[in-house]
Amino acid sequence: MTILQSVPALGTHPADGSTASRAETRDQLSKAAYDLLVIGGGILGISTAWHAAQSGLRVALVDAGDFAGATSSASSKLLHGGLRYLQTGAVRLVAENHFERRAVSRDVAPHLANPLTFYLPVYKGGPHGAAKLGAGVFAYSALSAFGDGVGHVISPSRAARDVPELRTDNLRAVAVYGDDQMNDSRMALMTVRAAAQSGATVLNHAEVTGLRFTRGRVTGAELKDRLDGSEFGVNARLVLNATGPWVDHLRKLENPDAAPSIRLSKGAHLVLKRTAPWRAALATPIDKYRITFALPWEDQLLLGTTDEEYEGDPGDVSVNEKDIAQILDEAAFSIRDQQLSRDLITYSFAGLRVLPGGPGNTSKAKRETVVTEGRGGMLSVAGGKWTTFRHIGRTVMNKLAALPGHPLGEDMEPVSRLPRKLPLPGISNPNAVAHRLLVDGGTPGPRMSADTARHLATHYGSLAFDIARLANEDKALAERIHPDAPEIWAQVVYARDHEWAETADDVLRRRTTLTIRGLATDEVRAKVEDVLGKKA
């Protein structure tokens, strides 16, 4: 039998209802043949799988860990044009980033992204003057067609009203601009869901242990389920290596002599409890090229990031004492000491930026996407920015369509004919959803609290109604997971049955915010594991 004699059966990827069991998905993957196997469930691989499925291809997506389990959930949580790129004259790049940012936050996922005002403080003796930054934010907003207002300069006293912890000593002025913010884990999961609804077969916690070859060409992969140890294989006409920091490891499986193609840059962040409400974010220039962020996010304060070359095992990346000291020291340029106490730290995380190989300072390297073809025909894709995840998916698809011999070209709809701004599942106005959750709450279940309603609306959109139904049907599921967080137990059941959650970390770190709030206690973890173990 050739790999083209069996195809994925229809109806195995329900848009509604529970996801297929792992055993069913493994059986599907091993028996069917796919046009495209995407290895790597970070946002780059997820976006490619989504666009490929939209194009009519038979797509499989696998990841050794959880979806968005590494770098894609360790970002600065921003959808942004890239203000610093203006310094290098990359005007077109900024305009393109703005277009993608606004498309995602206004049309594709308005329920998962929210506008965020940024303040750029100008201090005496700082790397930039008020006139320069004022002109910079005006140009930045112009490249976004002033869709977020006009970049301008305000007084220190005005800025301090919105950011009470802003350090005002020697503060000369504050430049203002707008971008957008998201929960990267939730955005990635909704994109996985979109890929599955478009027909892709997806499986997390499935590690590639080897590649399959036919006459020297890569035609699939051998996999091992990391949860129960079962082994299986997947056949595909084309394999895409989208493993991020591990991209060269997989290239070595295709060609042991493959030269390194990337270098890695580590970015660390800290999450702290807030001592006061913040109505704007801070973007503080550290030197001519670097900016440190202080972002109100998930009721906490997110600080970062660092940027240093990393040469270790990608799986071992973590935040160390040097990172913590650097982040707090740089934040102290613009934030009062009381907000920077180490006692306020609830969580820390680090991710790896994938950069093209070559010399030079990683902080000045371009965040560009590179697609290469290996000796066995496997495509490897690496690099890029969260903001442009849709564009990256389309770019990879255009590359697939243009491959010599057009191995997939006849079977796929051109990207140019796909919907340009296809929304992610749950698209809605989060304010309207939150209002409905509050109005409808209490019939027949207990009334939902305002912070829970807001949290559900901004993390699930209209899918929040499905979670509310679970809570209404079982009062125990309407209870908070932890008294200091807005999440309820219905979200754990929903994550288990609809969002491929298999482990406690899948739930606590990426499908809820318990971990980043410092609330993933042993008791909470044990209860979550108990719920996960009750999957039908």
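What comes next is a walk through the structure. The model shown is predicted, which means the values in this text are computed figures rather than measured ones. (Residues numbered from 1 in each chain as written. Predicted model: local features only at pLDDT ≥ 70, side-chain atom pairs only at ≥ 80, totals over all residues. Heavy atoms only, no water.)

Remarks on the layout of surface pockets
Then step 1. One number sums up the size of the second largest pocket: a volume of about 620 Å³.
Then step 2. Forming the boundary of the second largest pocket are 31 residues, of which Asn114, Gln181, Arg454, Thr458 and His459 lie nearest the centre.
Then step 3. Elements with a minimum of two residues in the lining of the second largest pocket: α3 (91-108), β4 (113-123), β6 (171-182), β13 (291-297), α10 (430-440) and α11 (450-460).
Then step 4. Considering each element in turn, the lining of the second largest pocket owes the most residues, five residues, to α11.
Then step 5. For the lining of the second largest pocket, the residue count by class is 12 nonpolar, 11 polar and eight charged. (1 Å grid on protein atoms, 1.4 Å probe; cavity = no way out; pocket = protein on both sides within 12 Å on 5 of 7 lines; lining within 4 Å. Points joined across faces, edges and corners; volume = space filled by probe spheres on them. Helix = DSSP H or I, 4+ residues; strand = E, 2+ residues; numbered from the N terminus. Nonpolar A, V, L, I, M, F, W, Y, C, P; charged D, E, K, R; others polar.)

Here we look at the pattern of salt bridges
Then step 1. Under the counting rule described, the total for this entry stands at 43 salt bridges.
Then step 2. Its salt-bridge partner being Glu100, residue Arg390 comes within 3.2 Å of it at the nearest N-O pair. Taken together, the residues span a long stretch of sequence, with Arg390 in helix α9 (residues 389-401) and Glu100 in helix α3 at a distance of 290 residues. (Salt bridge = Lys/Arg side-chain N within 4 Å of Asp/Glu carboxyl O.)

Comments concerning the environment of Ser416
Then step 1. Structurally, Ser416 is set in the loop between α9 and α10.
Then step 2. Taking C-alpha positions, Ser416 is 42 Å from Asp287, a pair spaced 129 residues apart along the chain.

Considerations on the packing of aromatic side chains
Then step 1. Applying the stated criterion across every chain, the model contains eight aromatic pairs.
Then step 2. Ring geometry for Phe118 and Phe293: centres 6.0 Å apart, planes at 75 degrees, overall edge-to-face. Of this pair, Phe118 sits in strand β4 while Phe293 sits in strand β13, and the two are 175 residues apart along the sequence.
Then step 3. With a centroid separation of 5.4 Å and an interplanar angle of 70 degrees, the aromatic rings of Trp386 and Phe389 are classed as edge-to-face. The pair formed by Trp386 and Phe389 is uniform in burial state, with each residue classed as buried.
Then step 4. Taken together, the ring pairs in this structure connect Phe118, Tyr140, Tyr177 and Phe293 into an aromatic cluster.
Then step 5. Above the face of the Phe349 ring, Arg509 is positioned so that its terminal group lies 5.4 Å from the ring centre. (Phe/Tyr/Trp six-rings, centres within 6.5 Å; stacked < 30°, edge-to-face > 60°. Buried < 20%, exposed > 50% of the residue type's maximum accessible area, 1.4 Å probe, protein only. Lys NZ or Arg CZ within 6 Å of the ring centre and 35° of its normal.)

A word on empty space enclosed by the protein
Then step 1. This model, assessed by the stated rule, comprises four cavities of 30 Å³ or more.
Then step 2. Quantified by volume, the largest cavity comes out at close to 70 Å³.
Then step 3. Trp50, His51, Gln54, Arg390, Arg394, Val415, Leu418, Pro419, Arg420 and Leu422 are the residues that line the largest cavity.
Then step 4. A per-element tally of the lining of the largest cavity places helix α2 (residues 43-54) first, with three residues.
Then step 5. Looking at the lining of the largest cavity, its residues break down into five nonpolar, two polar and three charged.
Then step 6. Computed from the structure, the second largest cavity encloses a volume of approximately 50 Å³.
Then step 7. Around the second largest cavity, the lining residues are Asn183, Ser185, Arg186, Trp297, Arg509, Arg510, Arg511, Thr512, Thr513 and Ile516.
Then step 8. Where the lining of the second largest cavity is concerned, the elements lending two or more residues are α6 (184-197) and α14 (504-511).

Considering helix α7 (residues 247-254)
Then step 1. The set of residues buried in α7 consists of Val247, Asp248, Leu250, Arg251 and Glu254. Viewed end-on, α7 has its buried residues packed into an arc of 160 degrees, placing them on one side of the element.
Then step 2. Contacts made by the buried residues of α7 are with β1 (33-39), β8 (206-214), β9 (217-225), β10 (231-241), β11 (262-273) and β18 (379-382). (Arc of directions from axis to C-beta. Contact = heavy atoms within 4.5 Å.)

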